[in-house]
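Residues per chain are reported as follows:
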Amino acid sequence: MPIIQVNMLEGRTVTQKRALHVALTDAAVAALGVPKDSVRVLIHELGVEHFALAGITAGELPLSKRRRDTSLVKNLEMEAVSK
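How each quantity is defined
In this convention, every chain numbers its residues from 1, walking through the sequence in written order. pLDDT decides what is reported in this predicted model: residues at 70 or higher carry local features, side-chain atom pairs at 80 or more are listed and counted, and totals for whole chains, interfaces and linings draw on all residues regardless. Heavy atoms throughout the structure, all of them, feed into the side-chain values; hydrogens and water do not. Like-charged residues are merged into a patch within 9 Å and nonpolar side chains (Val, Leu, Ile, Met, Phe, Trp, Tyr) within 5 Å, provided each residue has over 30% relative accessible area and no salt bridge. All accessible-area figures derive from a Shrake-Rupley calculation using a 1.4 Å probe, and residue coverage is judged against the displayed protein chains alone. Salt bridges are defined as contacts in which a side-chain nitrogen from Lys or Arg sits within 4 Å of a carboxyl oxygen from Asp or Glu. Secondary structure follows DSSP: runs of H or I at least 4 residues long count as helices, runs of E at least 2 residues long count as strands, and numbering of each begins at the N terminus. For each residue, the accessible area found with a 1.4 Å probe, counting protein chains only, is set against the maximum for its type, and the residue is called buried under 20%, exposed over 50%, and partly exposed in between.

Q: Pulling in residues and values, what's your account of a nonpolar patch on the surface?
A: On the surface, a cluster of nonpolar side chains totalling about 320 Å² of accessible area is made up of Met-1, Ile-3 and Leu-42. Among the structural elements, Ile-3 can be located in strand β1 (residues 3–9).

Q: Before we move on, can you summarise the pattern of salt bridges with the specific residues and values?
A: Going through the model one piece at a time under the given rule, you end up with two salt bridges. Ionic pairing is found between Lys-17 and Glu-45, a salt bridge with its closest N-O pair at 3.2 Å. Residue Lys-17 is found in helix α1 (residues 14–32), and its partner Glu-45 is found in strand β2 (residues 40–46); the two are separated by 28 residues along the sequence. Residue class for Lys-17 comes out buried when judged on its relative accessible area of 19%. With a closest N to O distance of 3.9 Å, Asp-26 and Lys-36 form a salt bridge. Taken together, the residues Asp-26 in helix α1 and Lys-36 in the loop between α1 and β2 connect sequence positions ten residues apart. Note on Asp-26: relative accessible area 38%, which makes it partly exposed.

Structural data, given as structure tokens:
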């Protein structure tokens with residue numbers, strides 16, 4: 001029985017989370033050849049102050065920057081190296 005765990009920031013709609021459940025279940029069935037009813041999907045939603053990238057919490061970032069922004073990561077890395 002596959003168990004798929006997803007950690008993500010809070011804020012997605014119920015519709016989005018249900019779509020993710022379906023997509024992950026379908027992917028496990030296709031990739032692993034297991035029965036659909038054996039797939040378990042667990043979503044853990046993290047508060048914006050419970051997730052940080054390079055020491056900056058998601059709550060400190062504008063919503064538009066909460067997605068993986070490689071320029072933000074590079075800037076933070078450059079700042080850390082220069083200190």
